[in-house]
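# Structure at a glance
Listed below are the residues making up each chain.
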Amino acid sequence: MDAPRRTRIQQEKRELILEAALEVFSTHGFRGSTIDQIAEAAGMSKPNLLYYFRRKEDIHEALMQRLLDTWLAPLRELDDIGDPLTELRSYIRRKLEMARDFPRESRLFANEILQGAPRIMPLLAGELKTLVDEKAAVIKGWMRAGKIARTDPWHLIFSIWATTQHYADFDVQVRAVLGPNRGGDGRFEDAARFLEQLFLEGLKPKS
């Protein structure tokens, strides 16, 4: 049987809990976070929170599934019939936009990976691997057609992840090193231009 539909108030309460949990988990990590901290951040009692989520693990799982859906959206949009360099430029910029707009989500994901991904390994080995393999095949197709230089498509994707998510996970370091004159919002556009040059120039087919 289908699960009963949630009322508007129930959905709003769940969203309130998930938003509070995102702040707590991204700050303290899974192990350092408690139901009491999440309830306090959500402005509700612990029994009220437990009505919506029975365990801390259930809240974390809901957050990670939502995060993965959001994180993978730009990669899903990589279009095999588009111009390769245009598609990759768009992907790099979308990933930087996400680093700018979703720093807590990025830190939450990084914390989980640093702990060995004990709660999301099935997602990584399943949904994530399937999508990356699919897009690696698209990139290999561009290489075979001579549209971009030959390289390892999996490591290309990993490198884009590493260089773009750095601006979320190490934001404090980036701003400190750049200083007040270069560490403002313009740093993301500066990063985009640099990463476009780094990746796209290297991927142009050799004459």
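In the annotation of an unreviewed UniProt entry, the chain is listed under the name TetR family transcriptional regulator C-terminal domain-containing protein and assigned to Mesorhizobium qingshengii.

Taking 1.5 Å as the rise per residue, helix α8 (residues 153-169) with 17 residues should run 24 Å; its terminal C-alpha atoms sit 24 Å apart, in good agreement. Within α8, burial applies to P153, L156, I157, I160, T164, Q165, Y167 and A168. On its buried side, α8 packs onto α4 (56-76), α5 (84-101), α6 (103-114), α7 (121-144), α9 (171-182) and α10 (186-203). Its side-chain oxygen placed 2.9 Å from the backbone nitrogen of W154, D152 serves as the N-cap of α8.

Here the focus is the packing of aromatic side chains. Using the criterion set out here, one finds three aromatic pairs in the structure. An angle of 20 degrees between the planes, with centres 5.9 Å apart, marks the rings of F25 and F30 as stacked. As far as burial versus exposure is concerned, F25 and F30 are alike and both buried. Seen from their ring centres, Y51 and Y52 are 4.9 Å apart, and the 90 degrees between their planes marks the pair as edge-to-face. In this structure, K56 packs its charged tip against the face of F30, placed 4.2 Å from the ring centre.

Rules used in this analysis
Residues numbered from 1 in each chain as written. Predicted model: local features only at pLDDT ≥ 70, side-chain atom pairs only at ≥ 80, totals over all residues. Heavy atoms only, no water. Helix = DSSP H or I, 4+ residues; strand = E, 2+ residues; numbered from the N terminus. Expected span 1.5 Å × (residues − 1). Buried < 20%, exposed > 50% of the residue type's maximum accessible area, 1.4 Å probe, protein only. Contact = heavy atoms within 4.5 Å. Polar contact = N/O pair within 3.5 Å; in protein donor to acceptor, adjacent residues only side chain to side chain. Phe/Tyr/Trp six-rings, centres within 6.5 Å; stacked < 30°, edge-to-face > 60°. Lys NZ or Arg CZ within 6 Å of the ring centre and 35° of its normal.

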